[in-house]
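For reference, the chains in residue letters:
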Amino acid sequence: MNPPATAGGARSLHRFANPGRFLRMTDALMPWLWASAILVTGIGAAWALFFSPPDWQQGETVRIMHVHVPMAWLAMGGYTGLGVLSIMSLIWRHPLADLTARELSPVGAAVTALCLATGSLWGKPMWGTWWVWDARLTSVLVLFFLWLGHAALVRAFDDMERGARAGAILALVGLVNVPIVKFSVDWWNTLHQPASVTRIDAPGMHVDLLYPLLVNALGFTLLFAAVVLARTRSAVMERRVRALQTARARRAEGTA
Amino acid sequence: MMTRKKRRMWILLLCALGLGSATALTLTAFQDNLVFFRSPSDVMAQQPGPDRAFRLGGLVEAGSVERDAAVSGQRPTVRFRVTDGAHVIQVAYQGVLPDLFREGQGVVTMGRMVDGTFRASEVLARHDETYMPPEVADALKRSGHWNPAQGAAPPPATWNTLDPARPAAPGRTGS
């Protein structure tokens, strides 16, 4: 009876068929993800605060590491994830990748901000300064601005698809910064120490400090995944509600 | 016939190649300007004048730290030598030292060369990637494997799973 409206509705339903499957699949996963994230971060926090030794020269201050290092890994790992989503978006025009990237970048900006803030709080008592413009600190600050820039850019367009495309290009250009962050401490001399955990020979960290750090890294990663997935799920649902409302409004218009 | 997806993939790959090599070239070109501090060897080779402020970095030489007697109302001057193994530079500094400052520790100092002495206006500690409980550090020091005043710890594989309670159990005085 009303060909344009049904065609539009059918197209949008087809468009969200894949996100629908995503909702069903993650529906069962979410409680487990939240539970394991809370459990592992709880164990990690207790281990880091009460059951791990102080450092021989940094003393109790070393416990900042259990937040700082996981946040740094998530900032870089999350950005690499953003790069993968952007490739999926640009090559396969995957709508779910667009949505996930849009919901990922504010969380990425938050963990990078936490990495910078905890690093600054750690730097003052140990190095004697809140901030220096060495290669590591500067490249992480650039990473923070890339996250913020992506979050702002994808929201700056009325047309969601154009915003997603612009954001994907920005994310991929910014991807060159990830190896720069990682290897800045090896390529140039910096105030920041070189990597302790990912060394070629053996971790430069005693296992009594290393194991709680790895537990915290796992816990924060689970928490990060849970937050990003929850945000993406609600974005998919929001989009569905809006599509249904538009379809209903069109139908009401057609019958009137 | 190339599909649109294939074409987009190739465009992306070419862009990545271009951007990657441009970044690599830029970073190589700016290699010398990206140093945060200069080593004593760099300073000896370049001989910067007293009007140029720069950062000097290296290890605090063992046995080189001297503190002048404190004059009331003034911060005492600390003198020490910074070494990179090959060359040594004398440093004088008046101010608060970071907690991690000690002989054998890495430092990054800001200042100028005046009459062969580096007059520092700021001293920052630069610790390395070694993390261990105090008991493990004590065990390494007691067994003679490591003197922190002489520099870096032995290879981590030799101590990062060490149980300090086991090898030399008696005498865990915690000194």
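Residues numbered from 1 in each chain as written. Chains lettered and ligands numbered in written order. Predicted model: local features only at pLDDT ≥ 70, side-chain atom pairs only at ≥ 80, totals over all residues.

### Section: the UniProt feature "domain: Cytochrome c assembly protein" (unreviewed entry) in chain A
Here is step 1 of the chain: Here, the residues flagged by UniProt with the feature "domain: Cytochrome c assembly protein" (unreviewed entry) are residues 36-192 of chain A.
Here is step 2 of the chain: Taken end to end, residues 36-192 of chain A is 78% helix and 0% strand, and its two terminal C-alpha atoms sit 33 Å from one another. (UniProt positions renumbered as here; feature names shortened; annotations may be inferred. Helix = DSSP H or I, 4+ residues; strand = E, 2+ residues; numbered from the N terminus.)

### Regarding the packing of helix α4 (residues 95-126) of chain A against helix α5 (residues 135-154) of chain A
Residue and element names in this part refer to chain A.
Here is step 1 of the chain: At a closest axis distance of 8 Å, the pairing of α4 and α5 adopts a crossing angle of 155°. The angle between α4 and α5 places the two elements in the roughly antiparallel class. Of the two possible hands of crossing, α4 and α5 adopt the one that is left-handed. Between α4, through Arg102, Ser105, Pro106, Gly108, Ala109, Thr112, Ala113, Cys115 and Leu116, and α5, the contact on the second element is made entirely by Val140, Leu141, Leu143, Phe144, Trp147, Leu148, His150, Ala151 and Val154.
Here is step 2 of the chain: Taken together, the residues of the contact of α4 with α5 break down into 13 nonpolar, four polar and one charged. (Axes fitted to C-alpha atoms, helices over the stretch in contact; angles between N-to-C directions. Parallel < 35°, antiparallel > 145°, perpendicular 65-115°, else oblique. Left-handed = near helix turned anticlockwise from the far one by under 90°. Contact = placed C-beta atoms within 7 Å. Nonpolar A, V, L, I, M, F, W, Y, C, P; charged D, E, K, R; others polar.)

### Quick notes on the nonpolar core
All names here are of chain A.
Here is step 1 of the chain: By size, the foremost hydrophobic cluster in this structure holds 81 residues, and its most contacted members are Ala75 and Ala101.
Here is step 2 of the chain: Considering every element that reaches this core, the biggest residue donor is helix α3 (residues 65-92), with 14 residues.
Here is step 3 of the chain: Residue contacts for Ala101: discarding those within four places in its chain leaves Leu82, Leu85, Ser86, Ser89, Ala164, Gly167, Ala168 and Ala171. (Core = buried A, V, L, I, M, F, W, Y, C linked by C-beta atoms within 7 Å. Buried ≥ 20, exposed ≤ 12 C-beta atoms within 10 Å, placed from the backbone.)

### Regarding the interface of chain B and chain A
Here is step 1 of the chain: Opposite the 34 residues of chain B that make contact, chain A presents 36 residues.
Here is step 2 of the chain: For the side of chain B that touches chain A, the secondary structure elements donating two or more residues are α1 (4-29), β6 (117-126) and α3 (134-142) of chain B.
Here is step 3 of the chain: Residues belonging to the side of chain B that touches chain A are distributed by class as follows: 21 nonpolar, seven polar and six charged.

### Brief notes about the domain arrangement of chain B
Here is step 1 of the chain: As far as domains go, chain B holds domain 1 (4-33) and domain 2 (36-126).
Here is step 2 of the chain: Each of domain 1 of chain B and domain 2 of chain B was reduced to a C-alpha centroid, and the two centroids are 41 Å apart. (Domains from an automatic or database assignment.)

### Considering the packing of α4 of chain A against helix α6 (residues 160-174) of chain A
All names here are of chain A.
Here is step 1 of the chain: Where α4 meets α6, the axes come as close as 10 Å, and the angle between the chain directions of the two elements is 65°. Between α4 and α6, the angle falls in the class roughly perpendicular. The element α4 and its partner α6 pack so that their crossing is left-handed. Residue-level contacts link Asp98, Ala101 and Arg102 of α4 to Ala164, Gly167, Ala168 and Ala171 of α6.
Here is step 2 of the chain: Residues belonging to the contact of α4 with α6 are distributed by class as follows: four nonpolar, one polar and two charged.

### A look at the UniProt feature "transmembrane region" (unreviewed entry) in chain A
Residue and element names in this part refer to chain A.
Here is step 1 of the chain: When the UniProt feature table is mapped onto this chain numbering, "transmembrane region" (unreviewed entry) sits at residues 31-51, 71-92, 104-123, 135-154, 166-189 and 209-230.
Here is step 2 of the chain: The distance from the first to the last C-alpha atom of residues 31-51 is 28 Å, and the span holds 100% helix and 0% strand.
Here is step 3 of the chain: Summarising residues 135-154: 100% helix, 0% strand, and an end-to-end C-alpha distance of 28 Å.

### A closer look at α4 of chain A
Residue and element names in this part refer to chain A.
Here is step 1 of the chain: The end-to-end C-alpha separation of α4 is 46 Å, in line with the 46 Å expected for 32 residues at 1.5 Å each.
Here is step 2 of the chain: Residue Leu104 marks the point of greatest curvature in α4, where the axis turns by about 30°; the proline Pro106 follows within four residues.
Here is step 3 of the chain: The positive-phi residue at the C-terminal boundary of α4 is Gly128, with phi of around 100°. (Expected span 1.5 Å × (residues − 1). Bend = angle between axes of the 7 residues up to and from the residue.)

### Quick word on unusual backbone geometry
Note: most peptide bonds trans; most residues except glycine with negative phi.
Here is step 1 of the chain: A positive phi angle, close to 50°, is found at Arg93 of chain A, a residue other than glycine.
Here is step 2 of the chain: In this fold, Arg93 of chain A is placed in the loop between α3 and α4.
Here is step 3 of the chain: A count of 15 C-beta atoms within 10 Å places Arg93 of chain A in the partly exposed class.
Here is step 4 of the chain: The backbone of Asp115 of chain B shows a phi angle near 50°, a positive value even though the residue is not glycine.

### Digging into the environment of Leu175 of chain A
Residue and element names in this part refer to chain A.
Here is step 1 of the chain: Counting through the fold element by element, Leu175 comes out in the loop between α6 and α7 (177-187).
Here is step 2 of the chain: Assessed through the 20 C-beta atoms surrounding it within 10 Å, Leu175 is described here as buried.
Here is step 3 of the chain: Put simply, Leu175 and Leu146 are 29 residues apart on the chain and 9.2 Å apart in space, counted from C-alpha to C-alpha.

### Notes on the confidence of the model for chain B
As a general rule, the predicted coordinates of low-pLDDT regions are not to be interpreted in detail.
All names here are of chain B.
Here is step 1 of the chain: When pLDDT is averaged along chain B, the result is 85; 93% of the residues meet or exceed 70.
Here is step 2 of the chain: The model gives residues 168-175 a pLDDT under 50, and that stretch makes four contacts with residues more than four places away or in other chains.
Here is step 3 of the chain: In the predicted assembly, ipTM is 0.84 and pTM is 0.87. (pLDDT = per-residue confidence, 0-100.)

### A word on α5 of chain A
Here is step 1 of the chain: Taking 1.5 Å per residue as the helical rise, α5 of chain A with its 20 residues ought to reach 28 Å, and the 28 Å between its terminal C-alpha atoms agrees with that figure.
Here is step 2 of the chain: Contacts made by the buried residues of α5 of chain A are with α3, α4, α6 and α7 of chain A.

### Looking at the environment of Val67 of chain A
Residue and element names in this part refer to chain A.
Here is step 1 of the chain: Relative to the helices and strands, Val67 resides in helix α3.
Here is step 2 of the chain: The spatial distance from the C-alpha of Val67 to the C-alpha of Phe220 is 8.5 Å, given a sequence separation of 153 residues.
Here is step 3 of the chain: Here Val67 is in contact with Leu114 and Thr118, once residues within four sequence places are set aside.

### Observations regarding the pairing of strand β1 (residues 54-60) of chain B
In summary, the side chains of a regular strand alternate between the two faces of the sheet.
All names here are of chain B.
Here is step 1 of the chain: When you tally the buried positions in β1, you get five out of seven residues, the bulk of the element.
Here is step 2 of the chain: The pairing of β1 with strand β5 (residues 106-114) spans six bridges and is classified as antiparallel. Note on β5: the bridge partner recorded for Arg55 is Met110.
Here is step 3 of the chain: Note that β1 and strand β3 (residues 77-83) share two bridges and pair antiparallel. The residue bridging Leu59 from the neighbouring strand is Thr83, located in β3. (Pairing = 2+ DSSP bridges.)

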